[in-house]
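Residues per chain, in single letters:
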Amino acid sequence: MKKLFGMVIGVGINIVLLLACAPKVAPASAPAPTPPQATLPQSGTPTSNISPLTSPDAAWAKVVEAAKKEGKVNAYAYSWVGDIGLAISSAFRERYGIRVNIITGRGAEYLERIKTERRIRQQVGDITEGSSTNTDNMRLEGLLLSVADELPSLREKGVWLVEPTAIDPRDKANLAVRTMENAPFINTKLVKTEEIPRSWKDLLDPKWVGKMTLLEPNLNSGIYQTMVVLIENKIWDEDYIKALYRQKLRFTISPLEDFRILASGQAHLTIKSTDVAASAFAVEGAPIQAIDMREGGVVYSTTSVAAIAGGPNPNASRVFLNWIFSQEGQSVAGKALATRMVRKDVPDFRPKAVQAPITKPLVITPEQLEKATELFRQKWFDKVVGR
């Protein structure tokens, strides 16, 4: 189970798979749509601190050379913990000789930490990894720089299941790095086949009272992504959310806790969690299974990586981001996370038990992502249910 406890998953944002198919801080240019606070960078497009060269190949060679001199990159990461982070950092260091220092925590905490570092002029982080909603919040605060156009791996054609820039097509600062399927999960020992809910309305049956978990919306922005998708597909509405809340839900702080409770038999069903978190339990033989609903229950999302403006190791951050989108980097991370990445030329590492039979795949547009981000900031769920 040691591997299990290292698996803390960022509840990521919903991605546009249709677009893709049709997919303790580093620099990158991403103008914020709203003016930054007085303690943050001035509005406008931040400039790169790497001198342009005439040849793209020569320019990248210079970046790699400078990155090796910096010798390290500091990553604020939500899901690269334990053995996962070790696998990713070791593979990158073996390739480039550059150390990866991984500082773990939650995305909302990172946002405040980065703002504080900026204010006191003691920046630590070079890159951030985690929920695409939290990363989008950082973009809106003017904390990120876009380096997408500088990365050779992002210029590859025909290799993407999801284009990394699909969730942030304008600024290209918030980059999708892996996919997730967000679905309901059941404990197969407690829920018999004939008792598996087939519709969202089934969860309002009194027999489910006190038997379901939900990730705490104030801590997990992915809940808002799922709600936006279900509401705009006319599957959920505010009345349904209120009725679901009255079922005496048990709120959990992370997908890891979600599955600890579910696998141990303390809950029969979790309303929405990720295939990435579930994979850690499935490989250990936990009695869990993803399910779908006839109206549509599986919502696609991503987690993101991004360069943080003004980081102490700007070149190393670029080299790392380029590597994590390469076939090698995607394979290393996908295997470590037991997940599916955004490249289609690497295997799907997920166990079969967490792959739900999908009736109606639900996806989100970049505009819906921004809406979910705003709802998360407003604590909209609390207002709806009156807590």
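It should be emphasised that the depicted structure is a prediction, and the values quoted were computed from it without experimental measurement.

Here is what the cut-offs are and how they apply
Residues numbered from 1 in each chain as written. Predicted model: local features only at pLDDT ≥ 70, side-chain atom pairs only at ≥ 80, totals over all residues. Heavy atoms only, no water. Helix = DSSP H or I, 4+ residues; strand = E, 2+ residues; numbered from the N terminus. Buried < 20%, exposed > 50% of the residue type's maximum accessible area, 1.4 Å probe, protein only. Areas by Shrake-Rupley, 256 points an atom, 1.4 Å probe, with all protein chains shown as cover. Pairing = 2+ DSSP bridges. 1 Å grid on protein atoms, 1.4 Å probe; cavity = no way out; pocket = protein on both sides within 12 Å on 5 of 7 lines; lining within 4 Å. Points joined across faces, edges and corners; volume = space filled by probe spheres on them. Nonpolar A, V, L, I, M, F, W, Y, C, P; charged D, E, K, R; others polar. Core = buried A, V, L, I, M, F, W, Y, C linked by side-chain atoms within 4.5 Å. Contact = heavy atoms within 4.5 Å. Lys, Arg positive; Asp, Glu negative; His and termini not counted. Salt bridge = Lys/Arg side-chain N within 4 Å of Asp/Glu carboxyl O. Polar contact = N/O pair within 3.5 Å; in protein donor to acceptor, adjacent residues only side chain to side chain. Axes fitted to C-alpha atoms, helices over the stretch in contact; angles between N-to-C directions. Parallel < 35°, antiparallel > 145°, perpendicular 65-115°, else oblique. Left-handed = near helix turned anticlockwise from the far one by under 90°. Phe/Tyr/Trp six-rings, centres within 6.5 Å; stacked < 30°, edge-to-face > 60°.

(A) Geometry of the overall build of the chain. Looking only at helices and strands, one finds 14 helices and 10 strands in the chain. Counting over 387 residues, the chain shows a buried share of 58%. Total accessible area on the chain stands at roughly 15500 Å², and carbon and sulfur atoms take up 51% of it.

(B) Representation of the pairing of strand E5 (residues 175-187) within the structure. Most of E5 is tucked away, with 13 of its 13 residues classed as buried. Pairing of E5 with strand E10 (residues 299-308), which is carried by 7 bridges, proceeds in the antiparallel orientation. Residue pairing for E10: Ala-176 is matched across the bridge by Ser-304. Relative to strand E8 (residues 269-274), E5 is paired through 4 bridges, and the arrangement is antiparallel.

(C) Quick peek at the layout of surface pockets. Roughly 170 Å³ of internal volume is contained in the second largest pocket. As for the second largest pocket, its lining consists of Ala-148, Asp-149, Leu-154, Arg-155, Glu-156, Lys-157, Trp-160, Glu-163, Pro-164, Thr-165 and Lys-172. Of the residues belonging to the lining of the second largest pocket, the class tally is 4 nonpolar, 1 polar and 6 charged.

(D) Geometry of the pairing of strand E6 (residues 212-215). On E6, burial covers both faces: Met-212 and Leu-214 on one face and Thr-213 and Leu-215 on the other are all buried. The pairing of E6 with E8 spans 2 bridges and is classified as parallel. Note that in E8 the partner of Thr-213 across the bridge is Thr-270.

(E) Representation of the nonpolar core within the structure. Trp-80, Phe-92, Phe-320, Ile-324 and Phe-325 are the most contacted members of the largest nonpolar core, which has 45 residues in total. Every element with two or more residues in this core is listed here: helix H3 (56-70), strand E1 (72-77), helix H4 (82-96), E5, E10, helix H11 (314-324) and helix H12 (327-337). The biggest single contributor to this core is H11, with 6 residues. Discounting chain neighbours no more than four positions away, the residues touching Trp-80 are Ala-75, Gly-85, Ile-88, Ile-102, Thr-104, Ile-127, Glu-129, Val-305, Phe-320 and Ile-324. Grouped together as the second largest cluster of nonpolar side chains are 35 residues, Ile-223, Met-293, Ile-364 and Leu-375 included.

(F) Molecular detail of the side chain of Asp-126. Looking at the secondary structure, you find Asp-126 in the loop between helix H5 (107-120) and strand E3 (127-131). This buried residue, Asp-126, is left without a salt bridge; Lys-72 holds the nearest opposite charge, at 7.3 Å. From its side chain, Asp-126 meets the backbone nitrogen of Asn-313 in a polar contact 2.8 Å long.

(G) Structural context of the packing of H4 against H12. As a packed pair, H4 and H12 sit with axes 8 Å apart at the nearest point and diverge in direction by 160°. Taken together, the axis directions place H4 and H12 in an arrangement best described as roughly antiparallel. Judged by the sense of rotation from one axis to the other, the crossing of H4 with H12 is right-handed. Residues Ile-84, Ala-87, Ile-88, Ala-91 and Arg-95 of H4 touch H12, and the partners they reach there are Glu-328, Val-332, Ala-333, Ala-336 and Leu-337. Classifying every residue of the contact of H4 with H12 gives 8 nonpolar, no polar and 2 charged.

(H) Structural detail: the packing of aromatic side chains. Per the stated rule, a full pass over the model turns up 15 aromatic pairs. A centroid spacing of 5.3 Å and a plane angle of 45° characterise the contact between Phe-92 and Tyr-96, whose relative ring orientation is tilted. One end of the pair, Phe-92, and the other, Tyr-96, are both in helix H4, 4 residues apart, so they sit about a helical turn from each other. Here Phe-92 matches Tyr-96 in class, with each residue buried. Each ring, one from Tyr-224 and one from Phe-376, has its centre 5.8 Å from the other, and the planes form 65°; the classification is edge-to-face. Highlighted residues: Tyr-224 in helix H7 (residues 222-232) and Phe-376 in helix H13 (residues 366-378), separated in sequence by 152 residues. The class for Phe-376 is buried, based on a relative accessible area of 11%. Among the aromatic residues, those joined into a ring-pair cluster are Trp-80, Phe-92, Tyr-96, Phe-320 and Trp-323.

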